[in-house]
Amino acid sequence: MTDPTKMLPNLRFPEFKNDGEWKVVKLGDVFKRITDKNKENNNNVLTISAQNGLVSQYDYFNKNVAANDVTGYYLIKTGDFAYNKSRSQGYPYGAIKPLKLYDKGVVSTLYICFRTKEQNSCIDFYEHYFETDLIHNEIGKIAQEGARNHGLLNISTEDFFEKISLYIPSLPEQQKIAAFLTSLDEQISAHTKKLEALKAHKKGLMQQFFPVNGEKTPKLRFPEFENNGEWKIQTLGNCLLQAPDYGLNARAVPYSPVLPTYLRITDIDDNGCFISNKKTSVDAEITDENLLKAGDIVFARTGASVGKVYKYRAEDGALIFAGFLIRVRPDNSKYCSDYIFQYLFTEEYKRWINITSSRSGQPGINSNEYASLPIPFPSLPEQQKIASFLSSIDDMIQAQDDKIRNLKIYKNGLMQQMFPHNK
């Protein structure tokens, strides 16, 4: 009969297949608590980032949000771990991260800090381990649901070290798992840097392709249009086939292939794309006018997302747009819908949104105000050239984003196989 306190992963490197079950230990058997105070007056105050682990508050918030006197904070060093007991997205029971980016730093005493007892322990293995459901489930067992204070879990330090179980293989197997998963992280990081470079490249081009600060021409033009003269300002309302209209005022229901797919503000990402993996439906009486069509652009009209935009793409399927969205339908015989969409990612547009959406309460922009949006236009052929060029960069950005997402899915799937599941 198998010992229920020991487990095996579903996927194992060949050289460890006959090594038997992983052993169970208490977290306190492997780690010791850190309570060293900041006697050296270190000012590198750290906070936990889901993506980058323990990072300087200056890097994360662009300012130091800690108290002026941090001599009472815990001092930690490279390889040490800190546990933030606050819930956050993706971390329902708080996040545990190692210090990797700096030699030293300080954290609030609300964190539980610890380091390995053995010098030859594989820190990278535990970094990955603390991202699995194994640790989340263990913390969930000791977290007191009814005693939460503003998202802070009520977990005693004693319970953390004495009641949380860890399931670990031999050190060589730890090192093999860590090296493999770290190599995937490095691939993800490299592709993420490439994605950020593409976005920065496009942002720089946008500042060159559109006139700024009241100028009549852009700084950069395609050679065939260099002598075409000044651009003309036109309000969005005068570029449309019909007046801007509001979406359907109905509640979303769980997605069903027999019902229309619903487009809400939350279904639009920051790049103006439809988030299809969490789509919902709408169960209401609809007409053909409720459907988005080629060339349609929708704007978010209220709340923190005011100004967010989406341009309909045929590959997104039939979409019904919701009531907190406003649709515009450009006259493509005179104005290129793709060009207008690209303009809606300029700094000029963002400034217009900030000014126009200002309200005494919740920010918002109505259909008449969106219709008054000034847009600089060159000739239709030049609009189309600019839109085509910038759209090609968008395609590269989207492809890079898809590559990163697929790598993350691949890694998460492997982690579910490479670590055992507690019962």
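For clarity, every value in this text was computed on a predicted model and none was experimentally measured. (Residues numbered from 1 in each chain as written. Predicted model: local features only at pLDDT ≥ 70, side-chain atom pairs only at ≥ 80, totals over all residues. Heavy atoms only, no water.)

(A) Geometry of the sheet that holds strand S16 (residues 261-263). Here 4 strands make up an open sheet; going across it, the order is S15-S17-S16-S20 and the pairing mixed. Two strands close off the open sheet at either side, each with one partner strand: strand S15 (252-254) and strand S20 (319-321). Averaged over all neighbouring strand pairs, the angle between strand axes comes to 60 degrees, with direction disregarded. (Pairing = 2+ DSSP bridges. Helix = DSSP H or I, 4+ residues; strand = E, 2+ residues; numbered from the N terminus. Axes fitted to C-alpha atoms, helices over the stretch in contact; angles between N-to-C directions.)

(B) Structural context of helix H8 (residues 347-356). Within H8, the full set of buried residues consists of Tyr349, Trp352, Ile353 and Thr356. End-on view of H8: buried residues confined to an arc of 100 degrees, all on one side of the axis. Opposite its buried face, H8 presents the exposed residues Asn354 and Ile355, each directed more than 90 degrees away. In this structure, the buried residues of H8 make contact with strand S18 (297-300), strand S19 (309-311), helix H7 (337-343), helix H9 (367-371) and strand S22 (374-377). (Buried < 20%, exposed > 50% of the residue type's maximum accessible area, 1.4 Å probe, protein only. Arc of directions from axis to C-beta. Contact = heavy atoms within 4.5 Å.)

(C) Molecular detail of the side chain of serine 121. Its location among the elements puts serine 121 in the loop between strand S9 (112-116) and helix H3 (123-129). Among the polar contacts listed, one links the side chain of serine 121 to the backbone oxygen of glutamate 118, at a separation of 3.1 Å. If sequence neighbours within four positions are ignored, serine 121 has contacts with Thr116 and Leu171. (Polar contact = N/O pair within 3.5 Å; in protein donor to acceptor, adjacent residues only side chain to side chain.)

(D) View of the packing of aromatic side chains. Evaluation of the coordinates by the stated rule reveals 32 aromatic pairs. Ring centres 6.1 Å apart and planes at 90 degrees place the aromatic pair phenylalanine 114 and phenylalanine 161 in the edge-to-face group. Placement of the pair is phenylalanine 114 in strand S9 and phenylalanine 161 in helix H5 (residues 157-163), with a sequence separation of 47 residues. A centroid spacing of 5.6 Å and a plane angle of 65 degrees characterise the contact between phenylalanine 210 and tyrosine 343, whose relative ring orientation is edge-to-face. One end of the pair, phenylalanine 210, is in the loop between helix H6 (171-209) and strand S13 (232-235); the other, tyrosine 343, is in helix H7, with 133 residues separating them in the sequence. Tyrosine 343 shares its class with phenylalanine 210; the two are buried. By the ring-pair criterion, three or more aromatic residues cluster together here, those being Trp22, Phe31, Phe81, Tyr83, Phe114, Phe125, Tyr126, Tyr129, Phe130, Phe160, Phe161 and Phe419. Over the face of the ring belonging to phenylalanine 13 we find lysine 176, whose NZ or CZ atom lies 5.3 Å from the ring centre. Lying across the ring of phenylalanine 345, lysine 202 places its NZ or CZ 5.6 Å from the centre. (Phe/Tyr/Trp six-rings, centres within 6.5 Å; stacked < 30°, edge-to-face > 60°. Lys NZ or Arg CZ within 6 Å of the ring centre and 35° of its normal.)

(E) Representation of the environment of glutamine 207. Along the chain, glutamine 207 falls in helix H6. Residue classification places glutamine 207 among the partly exposed positions, given a relative accessible area of 40%. As for glutamine 207 and proline 257, which are separated by 50 residues in sequence, their C-alpha atoms are 42 Å apart. If we ignore the near neighbours within four places in the chain, the residues touching glutamine 207 are Val212 and Glu347.

(F) Region of the structure containing the pattern of salt bridges. Throughout the structure, instances matching the rule amount to 22 salt bridges. With its nearest N and O atoms 2.9 Å apart, the salt bridge here joins glutamate 382 to arginine 221. A residue pair is termed long-range when its members are at least 10 positions apart, and glutamate 382 in helix H10 (residues 380-418) and arginine 221 in the loop between H6 and S13 qualify at 161 residues. The pair formed by glutamate 382 and arginine 221 is uniform in burial state, with each residue classed as buried. Within this structure, Asp245, Glu289, Asp296, Arg327 and Arg329 form a network of salt bridges that share partners. (Salt bridge = Lys/Arg side-chain N within 4 Å of Asp/Glu carboxyl O.)

(G) How the structure looks around the environment of aspartate 288. With respect to the element layout, aspartate 288 can be found in the loop between strand S17 (280-282) and S18. Expressed as a C-alpha distance, the spacing of aspartate 288 and tyrosine 343, which sit 55 residues apart in the sequence, is 28 Å.

(H) Inspection of the side chain of lysine 202 at higher detail. Along the polypeptide, lysine 202 turns up in helix H6. Given the relative accessible area of 10%, lysine 202 is considered buried. Only 2.9 Å separates the side chain of lysine 202 from the side chain of glutamine 342, close enough to count as a polar contact. Within the local environment of lysine 202, its side chain forms a polar contact with the side chain of aspartate 394, the two groups lying 2.7 Å apart. Setting aside chain neighbours within four positions, we find lysine 202 in contact with Gln342, Leu390, Ile393, Asp394 and Ile397.

None of this, on its own, says anything about what the molecule does.
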